[in-house]
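Okay, here's what each chain looks like letter by letter:
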Amino acid sequence: MTEEERNLALQALQEIARHERECGERYGEVVSELKELRRISTSHAERWEKLAWLVIGTVVSTGIVAWSKIVG
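Since we're looking at a predicted model, the values are computed, not measured.

## Notes on the overall build of the protein chain
Step number 1: On a plain count of helices and strands, the protein chain comes out with one helix and zero strands.
Step number 2: Since a compact globule built from 72 residues should have a radius of gyration of about 11 Å, the 31 Å found for the protein chain marks it as more spread out than a globular shape.
Step number 3: Out of the 72 residues in the protein chain, the part that is buried amounts to 0%.
Step number 4: A total of about 6900 Å² of accessible surface is found on the protein chain, and carbon and sulfur atoms cover 64% of it.
Step number 5: Of note, the protein chain has its 10 positive side-chain charges centred 16 Å away from the centre of its 12 negative side-chain charges.

Here it is as structure tokens:
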């Protein structure tokens, strides 16, 4: 292996190391963003679930009252 080939190989290794470092940083950022999105979506889903139960309860209670008025 000539000196030029050795230098080229070392340069390639340095570029690979730099690329891996950059990708690792990006991966860390993406993972933290995904965790935040999951937290937000879970919170959002919990609010909609509460609203859904409120609507269901209202419809059922209204139906019971209407049925008791008709029957009774």
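## Concerning a nonpolar patch on the surface
Step number 1: A cluster of nonpolar side chains, namely Trp48, Leu51, Leu54, Val55 and Val59, defines an oily patch on the protein surface of about 500 Å² accessible area.
Step number 2: Here valine 59 shows up in helix 1 (residues 3-71).
Step number 3: The class for valine 59 is exposed, based on a relative accessible area of 55%.

## Points about the pattern of salt bridges
Side-chain pairs of opposite charge can arise whenever the charged atoms involved come near each other.
Step number 1: In this structure the tally under the stated criterion is three salt bridges.
Step number 2: Among the salt bridges present, the one from glutamate 15 reaches arginine 18, with a minimum N-O distance of 2.9 Å. A residue pair is termed a helical-turn pair when its members lie 3 or 4 positions apart in one helix, as glutamate 15 and arginine 18 do in helix 1 at three residues.
Step number 3: On the accessibility criterion, glutamate 15 (41% relative accessible area) is partly exposed.
Step number 4: Across the pair glutamate 22 and arginine 18 runs a salt bridge, and its minimum N-O distance is 2.7 Å. Pair noted here: glutamate 22 and arginine 18 are both in helix 1, with a separation of four residues, about one helical turn.

## What to know about the environment of isoleucine 16
Step number 1: Within the secondary structure, isoleucine 16 is located in helix 1.
Step number 2: We classify isoleucine 16 as partly exposed; its relative accessible area is 45%.
Step number 3: When the C-alpha positions of isoleucine 16 and serine 41 are compared, they lie 37 Å apart, and in sequence the two are 25 residues distant.

Rules used throughout
Residues numbered from 1 in each chain as written. Predicted model: local features only at pLDDT ≥ 70, side-chain atom pairs only at ≥ 80, totals over all residues. Heavy atoms only, no water. Helix = DSSP H or I, 4+ residues; strand = E, 2+ residues; numbered from the N terminus. Rg over C-alpha atoms; globule rule 2.2 N^0.38 Å. Buried < 20%, exposed > 50% of the residue type's maximum accessible area, 1.4 Å probe, protein only. Areas by Shrake-Rupley, 256 points an atom, 1.4 Å probe, with all protein chains shown as cover. Lys, Arg positive; Asp, Glu negative; His and termini not counted. Charge placed at Lys NZ, Arg CZ, Asp CG, Glu CD. Patch = residues over 30% accessible without salt bridge, like charges linked within 9 Å, V, L, I, M, F, W, Y side chains within 5 Å. Salt bridge = Lys/Arg side-chain N within 4 Å of Asp/Glu carboxyl O.

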